[in-house]
Each structure stands twice: as structure tokens, then as C-alpha cells.
Amino acid sequence: MRAAHRYAHVLLTGGLLAVVLVGGCAGSRQAAPGLDTRLDLARTYSAQISGDALLVWIDGDLVLEDYPGDYGPTQPHVLTEISALLPSLVALKAAGEGRLALDAPVADALPEWRRDSLKAQITVGQLLRYTGGLRPGNPETPPTYEEAIEAPLVHEPGAGFRYGPTSIHAFGALMERALGSFGGLKEQILRPLGIPGGRWSAVGGPVDAPSARRLTPRLFDGARLTPRELLRVGRLLLQKGRWKGEQIIEDVGPLTHPAPASLGFGLGVWLNAEMPSAESSGPGPAFRRQVPERIMIPRGQQRLIYDGAPPDLYMAAGRFNQRLYVIPSREMVVVRLGRANRTWSDPAFLARLLDGRRPQEPAAEETSGEDRGRAGGPRK
């Protein structure tokens, strides 16, 4: 039986439930009416669906920090596609400093694209919104930056949404040539948050291996952060780019601005946008068909993430049910990290956390050891 590490506990005191923070979380906080039940429902659901960590930050307080299995607060966890949020933040920081424009052609930094009349039209924002038209690539075997630059187009720039590693790795090439490369991401975004630099895998091996100087960091899905570090990233977004009195990113607004072809996707984040029916016209149905089921399954929802959540909810999401939710109207950030389990449901989790409802869901499936390893679970 695995040892349990629990850094938030629900206690009964005088007939009232309160959340008490320990193990490095300052102070205690009397739960608002109904919050205690919602937190407990969300914690239980996350743990049952192969959860490794659940952190909930509301209105300036960490009200829940839970590790039901072998993970703890200082252990790096695989983020999978949440990783792609970080290069988007580099782009926003550079845009705020006048070093980059989201509507500028990528060919300004990649002169080889000037020879292709269509690639010459792709903008920085289109790369980050996956609407540039590049063949998306396989997440299991992502391309190097140079391979991403050479990838063919599957549609004209701006005409569709194709989610995959190629676009972000093409942006990695732009970073290398114009924005300080991978080190710029660490120095400009992570270190100001008190994050030493994260841990990254690369195409072909660990990026910090002695022989890895020429390896490509997997910007699309290769980051490892501790749950608390990822929470800091979410808090930075909730605070509109400010951290401890310093404006790290001048304007995070474009993060949640989709393009017509990326109706439910901004820059590195999925939006709780209303999805048109399959019978409607326009780019909406085409976008919905491209939403990968390995990341989310809307299950009949009218909105992309959860009908019962505020429209301003957005999330960075990855395979194996990794989630970073931000809800500005509720002053809320949620980090949920886990392992492969096909019964995970964003609506089921958020219904518990936001509404205190417990929809009927299929029983959790046991995951294999291979799945746990691929998802970033502890290796014995």
C-alpha cells in the first residue's frame, strides 16, 4: 500500500468543516459557506481518478493542497502539453517590451520562410494559436526545431486549427534566433517566480544531460514543474502578469483572445467558449473536430470546458489529465496533476469544485504501470 502525503486536511471542529493548511502553507482559513463540501468533493474525485496533486487557490489563499499518493509538494511532475503555455508567455513578455509583435510575420526571424509565398504569411500569433497551417506532427515523436521549420502546410495560414507540436517547435526556432533561446524562457518567466528553471525533456533525451547541448527542448510537452511552481504560473496570470509588485508581463490579455479559426483556444490555453452545433456554418464545427480527445472530452457540453463555469474560465491542459485552471471572476487558480485515466471528466471535476454537485460518472479505470510512467508518475 502506498504511503499517503496530505498537506491539506479537512477537520471537524464544533460541527463545522474547516480547511487547515500545514506543511509549508501559511496560516489557516475558515472556509466560506459551502466551500468545505466543494473542496472535499473535488479532492475525492481527483484522487479516485489517478490523481497525484490538487491545489486550489482562492482570493489570495491556498485553501487546499492535497497529495493522495506518492507525490509531494517539492517533486517535479510531467506537465505534458501544459508546457506549451510557457513559450506563449515568453511571446507575451517580448510583445510587451516591443521585441516582438504577435501579428508580425514569422519570416522576419526565419528568412527561409520568405521563399515560400504561404509560409511568408504566417504570423507569430498564428503559430501560438495553431492556425498557421503547418502539419501538426505527432506528440509522441515531436520534430526538432529545424524539422518544424521544414514541415509542409496542410492549409493556408489562418484557415484552420491544427493542434500539435510542430507550431510550437517552429516558435522555438524563432526563440533561438530572436528571443534569447531556451535560456530566455528560464530567465524572463520562471526565475522571477522563484522557479530555478524547471526540468525539461528534449527530443532524444533529457535537456540537462551532459551530451544534450544540441538537443531540442520539447517546448510542446516536455516541462516538469512541482505542483507549487505551476501554481505560481497560474497566480501570475490571475494577477494580470504581476508578481510581488513587479510587472513580469505587461499585458496577458492576448492569452485569451482566440482567432476565428481557433474559437476555443487562445495562446497556450483552452477557453470556456460556447461551441456551435455541428450543423452550424463557419469555422466553429471545424475547430471542434480538431480538439484532441486525449486532452478533453466535452461530453455534450455547450461550452468547451464546462457549462456551469464562468465564461472567463480558461485552462492549460495536457495528456494524462494535467490541468491548470484559471477563473479570474472567482479569483481562483487550480492545479490538478495525475496519471492516465480515461474516466477523467473536466465537467465532473468542476461540477464538484464550483457547484458542489456530484454527477454520475463511470468507475475509475485502473491504469497500467506503463501509463503511470508515461504520465510522470513516480518511478520505482
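Calculation criteria
Residues numbered from 1 in each chain as written. Predicted model: local features only at pLDDT ≥ 70, side-chain atom pairs only at ≥ 80, totals over all residues. Heavy atoms only, no water. Salt bridge = Lys/Arg side-chain N within 4 Å of Asp/Glu carboxyl O. Helix = DSSP H or I, 4+ residues; strand = E, 2+ residues; numbered from the N terminus. Buried < 20%, exposed > 50% of the residue type's maximum accessible area, 1.4 Å probe, protein only. Pairing = 2+ DSSP bridges. Core = buried A, V, L, I, M, F, W, Y, C linked by side-chain atoms within 4.5 Å. Contact = heavy atoms within 4.5 Å. 1 Å grid on protein atoms, 1.4 Å probe; cavity = no way out; pocket = protein on both sides within 12 Å on 5 of 7 lines; lining within 4 Å. Points joined across faces, edges and corners; volume = space filled by probe spheres on them. Nonpolar A, V, L, I, M, F, W, Y, C, P; charged D, E, K, R; others polar. Phe/Tyr/Trp six-rings, centres within 6.5 Å; stacked < 30°, edge-to-face > 60°. Polar contact = N/O pair within 3.5 Å; in protein donor to acceptor, adjacent residues only side chain to side chain.

Colleague: With reference to specific residues and values, describe the pattern of salt bridges.
Modeller: Side-chain pairs of opposite charge can arise whenever the charged atoms involved come near each other. Scanning the entire structure with this criterion turns up 15 salt bridges. For arginine 43, the salt bridge is made with aspartate 40, and the minimal N-O distance between the two is 2.4 Å. Here arginine 43 and its partner aspartate 40 are both found in helix α1 (residues 35–48), three residues apart, which amounts to about one turn of the helix. With a shortest N-O distance of 2.3 Å, aspartate 221 and arginine 319 are connected by a salt bridge. Placement of the pair is aspartate 221 in the loop between β10 (216–217) and β11 (223–225) and arginine 319 in the loop between β15 (314–318) and β16 (322–327), with a sequence separation of 98 residues. Given the relative accessible area of 9%, arginine 319 is considered buried. Taken together, the shared-partner salt bridges connect Glu81, Glu140, Arg218, Asp221 and Arg319 into one network.

Colleague: Got a sec to walk through the pairing of strand β17 (residues 332–338)? Specific residues and values, please.
Modeller: The two faces of a sheet get side chains in turn, since along a regular strand they alternate between them. Burial within β17 is extensive, with seven of its seven residues counted as buried. Of the two faces of β17, the one lined by Met332, Val334, Arg336 and Gly338 and the one lined by Val333, Val335 and Leu337 are each fully buried. Here seven bridges tie strand β5 (residues 51–58) to β17, and the two strands are oriented antiparallel to one another. Residue pairing for β17: alanine 53 is matched across the bridge by leucine 337. Sheet analysis places β16 next to β17, joined by five bridges and oriented antiparallel. Across the sheet, the residue bridging to leucine 324 is valine 335, located in β17. The hairpin formed by β16 and β17 contains four residues between the paired strands, and glutamate 331 there has a positive phi angle of roughly 50°.

Colleague: Residues and numbers for the nonpolar core, please.
Modeller: Counting residues in each nonpolar core, the largest one holds 108 residues, and the members touching the most others are Leu89, Trp113, Phe171, Trp270 and Phe349. Top element by residues in this core is helix α2 (residues 85–96). It accounts for seven residues. Among residues more than four places away in sequence, those in contact with tryptophan 113 are Val106, Ala107, Lys119, Ala120, Ile122, Leu127, Leu134, Ile149 and Ala170.

Colleague: Explain empty space enclosed by the protein to me, and be specific about the residues and the numbers.
Modeller: Under the counting rule described, the total for this entry stands at two cavities of 30 Å³ or more. Computed from the structure, the largest cavity encloses a volume of approximately 50 Å³. What lines the largest cavity is Glu81, Ala84, Tyr130, Tyr163, Phe265, Gly268, Trp270, Ala316 and Ala317. Of the residues assigned to the lining of the largest cavity, the class counts are seven nonpolar, one polar and one charged.

Colleague: Give me the side chain of arginine 218: which residues, what numbers.
Modeller: Within the secondary structure, arginine 218 sits in the loop between β10 and β11. For arginine 218, a relative accessible area of 17% gives the class buried. If we ignore the near neighbours within four places in the chain, the residues touching arginine 218 are Pro139, Glu140, Pro142, His169, Trp200, Ser201, Ala202, Val203 and Ala223.

Colleague: Which residues make up the pairing of strand β8 (residues 199–203), and what values go with them?
Modeller: Direction of pairing for β8 relative to β11: antiparallel, over a ladder of two bridges. Bridge pairing in β11 links arginine 199 to arginine 224. As defined by bridge partners, β8 adjoins β10 across two bridges and the pair is classed as antiparallel. Bridging across to β10, alanine 202 finds its partner in proline 217.

Colleague: Talk me through the packing of aromatic side chains; I want residue IDs and the actual numbers.
Modeller: Counting across every chain of the model gives 15 aromatic pairs. Seen in terms of ring centroids, phenylalanine 161 and tryptophan 270 are 6.0 Å apart; in terms of plane orientation they differ by 70°. Their pairing is edge-to-face. Remark: tryptophan 270 occurs in strand β14 (residues 270–271) and phenylalanine 161 occurs in the loop between α4 (145–150) and α5 (165–178); sequence separation between them is 109 residues. Owing to a relative accessible area of 2%, phenylalanine 161 belongs among the buried residues under this scheme. By relative accessible area, which is 1% here, tryptophan 270 ends up buried. Site record: aromatic cluster; members linked through ring pairs are Tyr130, Phe161, Tyr163, Phe220, Phe265, Trp270 and Phe287.

Colleague: Before we move on, could you go through the environment of serine 201 and cite the residues and values that matter?
Modeller: For serine 201, the location among the structural elements is in strand β8. The class for serine 201 is partly exposed, based on a relative accessible area of 27%. Residues serine 201 and leucine 219 lie 18 residues apart in sequence; the distance between their C-alpha atoms is 8.8 Å.

Colleague: Lay out the environment of aspartate 355 in plain terms, naming residues and giving numbers.
Modeller: Looking at where aspartate 355 falls in the secondary structure, it is placed in helix α9 (residues 346–355). The sequence separation of aspartate 355 and threonine 37 amounts to 318 residues, and the corresponding C-alpha distance is 9.6 Å. Apart from the residues lying within four places of it in its own chain, the contact partners of aspartate 355 are Arg38, Tyr306, Gly308 and Leu350. Within the local environment of aspartate 355, its side chain forms a polar contact with the side chain of tyrosine 306, the two groups lying 2.4 Å apart.

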